[in-house]
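Inside the fold
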Amino acid sequence: MIKVENLEFSYTKKPFIKDINFEVKKGEIFGFLGPSGAGKSTLQKILTGLITNYSGSAIVNHTESKNHDDRFYENIGLDFEFPSLYEKLTARQNLKFFGSLYNKKLRDTEELFHKVGLGYDMDKKVFEYSKGMKSRLNFIKALLHDPDILFLDEPTSGLDPSNSRDMKNIILEEKHKGKTIILTTHNMNDAAELCDRVAFIVDGRVKALDTPHNLIMSKGATKLKYSYYDKKEIIRQCPLNKTVEDSKLLDLIQQNKLLSIHSSEPTLNDIFIEVTGRGLQ
Amino acid sequence: MRTRLRSLIIGDIQFQFKYGFYFVYTVFTFFYICLLFAFPATIREKAAILMIYSDPAAMGLFFMGSIVLFEKSQRVLNSIAVSPVKVSEYILSKVVSLGLIGTVVGVLIAFAAGNRNIILVIIATFMGSVIFSLFGLMIASKIQTLNQFMVATIPFEILCLVPSIFYLFGYQKPFMLLHPGIIVIRMMEGKNIENIAFELLMLGIWILMIYMVTYRIVKKMFQSVGGVKL
Ligand SMILES: Nc1ncnc2c1ncn2[C@@H]1O[C@H](COP(=O)(O)OP(=O)(O)OP(=O)(O)O)[C@@H](O)[C@H]1O
Ligand SMILES: [Mg+2]
């Protein structure tokens, strides 16, 4: 569905997005992860035809995105980072208006409202909506015309855990219907749960790209953490597959002196820090 | 009419309604008509023509700034730029929606002033409104604040209004007949009906030329939603 080759782009003279290569298959959820300012939204703008002066190739739904015509958008759904709605119209009027811009058959608006818990707020004006409500409305606006490819830029940011859960379920539902989804997020747990593959993006480049599972397995070894008392509490760790070589640990076990011991698997976040040399903000 | 264009026009009218344009113009119409009767009957029709030309017809030049700035600030323009809406449809919708309300107001004022060339008034007001709205859209696409818009419209107002006022009050030279505003005013006066085909053609050419420039500027604005100056 998406194929990116040797993509390069910059807002300024200084190189920014560089050497980007990846492919996304139909029915896949593909994650863009990276620190703030890494270029995730920029990459999304390129794929959605909003930035056209890039070099290299970005083919989306069989179309080179910079050469797209207006029909390109019949099959693309975008959930922007920020609400993009008429504040003075009601939520329902907004969806009615934006829906009327497509030639395709639309999805059932009321059902969408209910799915994200806005069933009772359809006729409120958007300026009366809270931040999280606007995010949810913006999200269903992207689904309205039942597009084949969805671009979601931090859809769950600012949502409470239960609304965030609902939204993630809808995203998985869309995947099972065969929709291709590009998900940009700062939330490593969401990424690990939802994404089939993720790309770590730092300073405009892809630093690693694989399934969350493979990334965790290949980059990080499970560690054993233990503590004991020697004038004060001391915490040590060793790789799980090297416990035999840790004589201190063996001694402590012999002497029955361990205060605590547990294994810890790396999370996607640890891998991210390892791969990129920095944390997510 | 194609359905997407119709949807856009309905959306624009709804927007203009919500932001009080219809209310404001109801009040203005009433006010203008009252004002008309303060003029002596002999120049009432001329005064009405000047009123129509400089307000309901020129509405696009006054209000396009706030319309487009609202769309920019609420990022509605982003949503439109990633929908199947064509640049041409976006422009047409703005021009037609404002043209409709401008024309209705224009006809009411003209009728109150005793002008009975209503068909010509309709055509002239609408075409005049299209020209003003295109200028307004051109400027609105380029600016970031309402103040910038106000300042940038001044030269357009002068160019459109001053020669027309001179013409209307007696300074008439043949070359002035090429000025689109003067053509509009003559049409409203019901003068020169035998040359109507030529006048329509002239206005058509003007509109086409201004449209082509507007198209390029609006297209750039759509693309700059991606954040890139092209
Ligand atoms: N319209 C623009 N004009 C110029 N520079 C821009 C523009 N938009 C973004 N940038 C710059 O490009 C870089 C990447 O921005 P981008 O929005 O792609 O980051 P991001 O990875 O989405 O970050 P975040 O996680 O905070 O959303 C930043 O340095 C930003 O300042
Ligand atoms: Mg971003």
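Given the structure is predicted, the values throughout are model-derived calculations rather than measurements. (Residues numbered from 1 in each chain as written. Chains lettered and ligands numbered in written order. Predicted model: local features only at pLDDT ≥ 70, side-chain atom pairs only at ≥ 80, totals over all residues. Heavy atoms only, no water.)

With respect to the overall build of chain B
Note the cut-off: Only runs of H or I of at least four residues qualify as helices and only runs of E of at least two qualify as strands under DSSP, and these elements are numbered from the N terminus. Only C-alpha atoms enter the radius of gyration, while the globule expectation follows 2.2 Å times N to the 0.38, with N the number of residues. Burial classes follow relative accessibility: with a 1.4 Å probe on protein chains only, a residue under 20% of its type's maximum area counts as buried, one over 50% as exposed, and anything between as partly exposed. Contacts between residues were defined by any pair of non-hydrogen atoms, one from each residue, lying within 4.5 Å. Note that accessible areas follow from Shrake-Rupley with a 1.4 Å probe, and for residues the cover is restricted to the protein chains shown. Counted as positive: Lys and Arg. Counted as negative: Asp and Glu. His and the chain ends are not counted at all. By convention, the point assigned to a charge is CZ for Arg, NZ for Lys, CD for Glu and CG for Asp.
When you go through chain B residue by residue, the secondary structure sums to 10 helices and zero strands. Each helix (α) and strand (β) of chain B, taken in turn from the N terminus, gives the series α-α-α-α-α-α-α-α-α-α. Here chain B has a C-alpha radius of gyration of 18 Å; the compact-globule value for 230 residues is 17 Å, and the two agree. Dimensions along the principal axes, computed over C-alpha positions, put chain B at roughly 55 × 35 × 35 Å. Looking at chain B as a whole, 53% of its 230 residues are labelled buried. In chain B, the proportion of contacts linking residues at least 24 apart, taken out of those at least 6 apart, comes to 74%. For chain B, the accessible surface area stands at approximately 10,400 Å², while carbon and sulfur atoms represent 74% of it. Taken as two groups, the 19 positive and 9 negative side-chain charges of chain B have centres that lie 10 Å from each other.

Section: the coordination of the magnesium ion (ligand 2)
All names here are of chain A. This is how it is decided: Metal-coordinating donors are taken as N, O and S atoms lying within 2.8 Å of the metal, or within 3.2 Å when the metal is Na, K or Ca; because water is left out, some sites can appear incomplete.
Those donors, Ser41 (OG) and Glu81 (OE), are the protein atoms that reach the magnesium ion (ligand 2), and they lie 2.0 to 2.6 Å from it. Highlighted residues: Ser41 in helix α1 (residues 40–47) and Glu81 in the loop between β6 (76–79) and α2 (91–99), separated in sequence by 40 residues. Given a relative accessible area of 19%, Ser41 falls into the buried group. A relative accessible area of 36% places Glu81 in the partly exposed class.

A word on the nonpolar core
Quick reminder of the rule: In plain words, nonpolar cores are sets of buried Ala, Val, Leu, Ile, Met, Phe, Trp, Tyr and Cys residues tied together by side-chain atoms within 4.5 Å.
Counting 104 residues, the largest nonpolar core has Ile2, Leu7, Phe22 and Leu47 of chain A together with Tyr90 of chain B as the members making the most contacts within it. Ranked by residue count, the leading element in this core is helix α7 (residues 118–142) of chain B, at 12 residues. Beyond its immediate sequence surroundings of up to four residues, Ile2 of chain A is in contact with Phe22, Glu23, Val24, Leu47, Ile59, Val60, Ile149, Phe151 and Ile182 of chain A. Of all hydrophobic cores here, the second largest spans 39 residues; its members include Leu112, Val126, Leu183 and Phe200 of chain A.

A closer look at the UniProt feature "transmembrane region" (unreviewed entry) in chain B
Residue and element names in this part refer to chain B. We count it as follows: UniProt positions are given in the numbering used here, feature names are shortened, and annotations may be inferred rather than shown by experiment.
UniProt marks residues 21–41, 47–70, 91–112, 118–137, 149–169 and 196–214 with the feature "transmembrane region" (unreviewed entry), using the numbering shown here. For the annotated span residues 47–70, helix accounts for 83% and strand for 0% of the residues, and the straight-line distance between the end C-alpha atoms is 34 Å. From the first C-alpha to the last, residues 118–137 spans 28 Å; its make-up is 100% helix and 0% strand.

Let's talk about the domain arrangement of chain A
Applicable threshold: Reported domain spans reflect what an automatic or database domain assignment gives.
Domain assignment breaks chain A into domain 1 (2–216) and domain 2 (221–265). Using only C-alpha atoms to locate each centre, domain 1 of chain A and domain 2 of chain A end up separated by 45 Å.

Some thoughts on the interface of chain A and chain B
The following threshold applies: Buried area: the sum, over both parts, of the accessible surface (1.4 Å probe) that disappears when the two are put together. Put simply, a salt bridge is a Lys or Arg side-chain nitrogen that is within 4 Å of an Asp or Glu carboxyl oxygen. Polar contacts here mean pairs of N or O atoms no more than 3.5 Å apart (in protein, one a potential hydrogen donor and the other a potential acceptor; neighbouring residues in sequence count only if both atoms are side-chain atoms).
Taken together, the contacts link 29 residues of chain A with 28 residues of chain B. In total, about 2,600 Å² of surface goes out of reach between chain A and chain B, with carbon and sulfur atoms giving 62% of it. On the chain A side of the interface with chain B, the three residues burying the most area are Leu50, Tyr86 and Leu101 of chain A, jointly 24% of the side's total. There are one salt bridge connecting chain A and chain B. Arg4 of chain B is paired through a salt bridge with Glu74 of chain A; the nearest N and O atoms lie 3.9 Å apart. Our count for the chain A to chain B interface comes out at six residue pairs in polar contact (both at pLDDT 80 or more). Considering every element that reaches the side of chain A that touches chain B, the biggest residue donor is α2 of chain A, with three residues.

Quick look at the sheet that holds strand β7 (residues 149–153) of chain A
Residue and element names in this part refer to chain A. Formally: Paired strands are those between which DSSP finds at least two bridges. In this analysis, axes come from line fits to C-alpha atoms, helices being fitted only over the stretch in contact, and the angle between any two N-to-C directions falls in the range 0 to 180 degrees.
Read across the open sheet, the six strands follow the order β6-β7-β8-β3-β9-β10; overall the sheet is mixed. The open sheet is flanked by β6 and β10 (205–210), the only strands paired with a single partner. Shown here is a sheet whose adjacent strand axes are inclined to one another by a mean of 15 degrees, direction ignored. Bridging between strand β3 (residues 29–33) and strand β9 (residues 197–202) involves four bridges; their strand directions are parallel. Looking across to β9, one finds that Phe30 is bridged to Arg197. Against the sheet, helix α4 (residues 131–143) engages β6 and β7, with an angle of about 175 degrees to β6.

Section: the sheet that holds strand β11 (residues 223–230) of chain A
All names here are of chain A. What the three strands build is an open sheet, ordered β12-β11-β13; its pairing is antiparallel. Every interior strand has two partners, whereas the edge strands, β12 (232–239) and β13 (258–264), have only one. Ignoring strand direction, the axes of neighbouring strands in this sheet form an average angle of 20 degrees. Two elements, β11 and β12, share eight bridges in a ladder whose sense is antiparallel. Across the sheet, Leu224 pairs through a bridge with Cys238, a residue of β12. Packing of helix α8 (residues 247–254) onto the sheet brings it into contact with β11, β12 and β13, and relative to β11 it is tilted by some 60 degrees.

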